[in-house]
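The residues making up each chain are set out below.
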Amino acid sequence: MKYLNQLLHSAADQLSGYSRREFIGNAGKTLLAATVIGELASAESASAQSTAGGRGPGPRSMADAIKVEVPTQHAPSEGAATSYPSILPKDKRAGYAIVGLGELTLGEIMPAFSACKNSKPVALVSGDADKARKVAMQYGIDPKNVYSYQNFDDIKNNPEIEAVYIVLPNSMHEEYVVRAANAGKHVLCEKPMATSSKEAQRMIDACKKAGKKLMIAYRIQYEPNNRQMMEYTRKQKFGKVKVITAVNVQNIGNPNQWRLKKALAGGGSLPDIGLYNINTNRFLLGEEPYMVNAHTYTTPNDIRFKEVEEAVMFQMFFPSGAIANSTCSYGVHDSKHYRCYADNGGWFGMDPGYSYKGLMPEVSHAEGRVQNKMQPKIQEKNQFALEIDHFSECVIENKTPYTPGEEGLQDHKIMEAIYESARTHKPVELARISTVDTFRGTPPKED
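Residues numbered from 1 in each chain as written. Predicted model: local features only at pLDDT ≥ 70, side-chain atom pairs only at ≥ 80, totals over all residues. Heavy atoms only, no water.

> Before we go on, may I ask you to explain the sheet that holds strand β7 (residues 241–251) in this structure?
The strands making up a sheet are joined through hydrogen bonds of the backbone, oriented either antiparallel or parallel. Strand order across the open sheet formed by nine strands is β14-β13-β12-β11-β7-β10-β9-β8-β15, with mixed pairing between neighbours. One side of each edge strand has no neighbouring strand; the edge strands of this open sheet are β14 (370–374) and β15 (428–429). Bridging between β7 and strand β10 (residues 323–329) involves seven bridges; their strand directions are parallel. By the bridge assignment for β10, I244 is matched with A324. Docked against the sheet, helix α9 (residues 224–234) engages β7, β11 (331–342), β12 (346–350) and β13 (361–367), running at close to 155° with respect to β12. (Pairing = 2+ DSSP bridges. Helix = DSSP H or I, 4+ residues; strand = E, 2+ residues; numbered from the N terminus. Contact = heavy atoms within 4.5 Å. Axes fitted to C-alpha atoms, helices over the stretch in contact; angles between N-to-C directions.)

> Would you explain empty space enclosed by the protein in this entry?
To find leftover empty space, a probe the size of one water molecule is rolled over the atoms. Overall, the coordinates contain one cavity of 30 Å³ or more when judged by the stated rule. Within this model, the largest cavity holds a volume of roughly 60 Å³. For the lining of the largest cavity, the class distribution of residues is four nonpolar, two polar and two charged. (1 Å grid on protein atoms, 1.4 Å probe; cavity = no way out; pocket = protein on both sides within 12 Å on 5 of 7 lines; lining within 4 Å. Points joined across faces, edges and corners; volume = space filled by probe spheres on them. Nonpolar A, V, L, I, M, F, W, Y, C, P; charged D, E, K, R; others polar.)

> How do you make sense of the nonpolar core when you look at a structure like this?
Soluble globular proteins tend to pack their nonpolar side chains together in the buried interior. Y96, Y165 and L214 are the most contacted members of the largest nonpolar core, which totals 105 residues. Broken down by element, the residue count for this core peaks at eight residues, all from helix α11 (residues 269–285). Not counting residues up to four positions away in its chain, the partners in contact with Y96 are F113, S119, K120, P121, V122, A123, A163, Y165, L188, I388, F391 and S392. (Core = buried A, V, L, I, M, F, W, Y, C linked by side-chain atoms within 4.5 Å. Buried < 20%, exposed > 50% of the residue type's maximum accessible area, 1.4 Å probe, protein only.)

> How should the environment of A210 be read in this particular structure?
As for its placement among the helices and strands, A210 is situated in helix α8 (residues 197–210). The class for A210 is partly exposed, based on a relative accessible area of 30%. Taking the C-alpha atoms as reference points, A210 and A180, 30 residues apart in sequence, are found 9.6 Å from one another.

> How should I be thinking about the sheet that holds strand β1 (residues 94–99) in this particular structure?
Within the open sheet, the six strands sit side by side as β3-β2-β1-β4-β5-β6. Their pairing is parallel. Lying at the two open borders of the sheet, with one neighbouring strand each, are β3 (146–147) and β6 (214–216). Summarising the sheet, strand β4 (residues 163–166) and strand β5 (residues 186–189) pair through four bridges and their orientation is parallel. Looking across to β5, one finds that V164 is bridged to V187.

> What's the story with the pattern of salt bridges in this structure? I'm lost.
Opposite charge on two side chains permits them to pair, given that their charged atoms come into close proximity. Scanning the model with the defined rule gives 28 salt bridges in all. The residue E406 makes a salt bridge to K208 at a minimum N-O spacing of 3.3 Å. Taken together, the residues span a long stretch of sequence, with E406 in helix α13 (residues 405–424) and K208 in helix α8 at a distance of 198 residues. Under the relative-accessibility criterion, E406 is labelled partly exposed at 24%. By relative accessible area, K208 is classed as exposed at 59%. Shared partners join several salt bridges into a network, and the residues in it are R234, R282, E288, E407, D411, D437 and R440. (Salt bridge = Lys/Arg side-chain N within 4 Å of Asp/Glu carboxyl O.)

> Please clarify how the packing of aromatic side chains should be interpreted in this entry.
Counted by the stated rule, this structure contains 10 aromatic pairs. Seen in terms of ring centroids, Y149 and Y176 are 5.8 Å apart; in terms of plane orientation they differ by 70°. Their pairing is edge-to-face. Separated by 27 residues along the polypeptide, Y149 in the loop between β3 and β4 and Y176 in helix α7 (residues 173–182) bring together distant segments of the chain. Y149 sits in the buried class, given a relative accessible area of 0%. Residue classification places Y176 among the buried positions, given a relative accessible area of 0%. Aromatic pair F238 and F348: ring centres 5.8 Å apart, planes at 40°, arrangement tilted. Of the two residues, F238 sits in the loop between α9 and β7 while F348 sits in strand β12, which places them 110 residues apart along the sequence. With respect to class, F238 is no different from F348; both count as buried. By way of ring pairs, the aromatic residues Y149, F152 and Y176 are connected into one cluster. (Phe/Tyr/Trp six-rings, centres within 6.5 Å; stacked < 30°, edge-to-face > 60°.)

> Explain the pairing of β11 to me, please; I cannot follow it from the model alone.
Regular strands place side chains that alternate from one sheet face to the opposite one. With nine bridges joining them, β7 and β11 adopt antiparallel strand pairing. Looking across to β11, one finds that N248 is bridged to K336. For β11 and β12, the ladder comprises four bridges, and the chain directions are antiparallel. Residue pairing across strands places Y338 opposite M350, the latter belonging to β12. Where β11 folds back onto β12 in an antiparallel hairpin, the turn is made up of three residues, including G345, whose phi is positive at roughly 85°.

Right, dumping it as C-alpha cells:
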C-alpha cells in the first residue's frame, strides 16, 4: 500500500495539464492512471538516482558570517541607519532539499532563498521529473540532486542535504517527516503540522529518536511587524490586552482541490487558515488557552464543502483573562486582520495581517481628548527567508527552534477541542498551563 501511495504521488506530478494535488485529491477515481504511467515513474526514478556527490559544509558556526558596513548618507533625523546583515559564505550555508513543487514552493519558498543569509537550496523532490529539471536549472541545483518520491530515502547518502523542507498536502506530512528523520536530516515542515495530534506526536517522536530537529513553519512568529505587536502585548504598552479579534477569510475556488478533501487536509478552513488565528493569538499573549467555544457553518448544497466545513467562529479563553474571538471561512472575499484591545487608552493590530506581503500595523491611542491613529510599520522582510534562516541557525548552533514540533502539537490539540465544541455545542476545557511561551524554543535573533 505504501508503494502504491508513492506511485500515486509520482503519477500526479507527471500527468500533463493536471496538477499533482488535484490528482491526489481524486486518487480514488484514477487508480488506472497510476498503472498506465508506472513505467514513466520507474524511468524517472532511475534517472534521478543521486549519489553522495559533493561535501558537506564542514566545521562552521555563525561566527563565520561576514558583515560589511557602509556609511549612511542620511541625517539622524531620517531614522535608524540601515543595518546590513551578516551573511555566511555560500559553502557554509545549510543545504535544503525542498519536497513538493507546488504553488507555495514555486511562488514563495524558492524565491525566498535569494534573501536567505544562512541557507541554500541544494536538492528537489518531485514526481514530475520535467518540472523538477526546470526548477533545478532556474536555481542552479545540480541535476543529480533531483529526487522522486520513490527514491526519496536516498537523500541519506547526500551530505549536501542537511535539512528537508516539507511542502506537501497535510496528510503527507507525517510520512515524509519520518522518512526525512530516518534519513538523518533535520526537518522544517509547513503548517498545519499534520491532520491530528496523534500524527503530530509521532512526528516529534521520530525526530527525537533520530536525534534531528523539527520545526513548524509559523512564519508570522518571525516577521518583525508581528513581533512588534507581540512586544506591545507583552510589555502592556497600551495597558493589559483584554480582547483580541482575529479574522482570516478567503473565497476558495476549485471544488476538486486537495484542501477540500478531509482525508488530505484534516478539515476545512480551520486547519488551513484558522490556524493562523489560533497560533497568532497564542504568540501575542505568550499564553495557552484553558477553554474554547466554537460553532461551524457550511452553506447548504455548496459542492465545495461536501467533506469539510466552510466557516468556524470560535473563542479562546486565556489565564490572564484575555478572550480571543476568531473567525475563519473559505466562502467570503479575502480579508486577513487582527486587533488587540487594551485597558489603558489604546488598541493595536495588523490590517492586513497573516498575508505573505504588504502587512500593515495599526495603532490607536488616546492622549487626553485626542485620539491618535498611526501605522508604525517596520521595514518588511521576507517571512519565508526569516523562518528558513532561523532553522538553519538552530541546525548550525544546535539550538531548539523557536517553533518546534511541540508548538504545532499544541495547535492540533486546540483545533481538536474547537471541533469538539462545535459538535457538542458546549465549551471544551484544555489543560491549564501557567508558564509563558511553554512550547517555544530559542527566540529568533533581531538584525
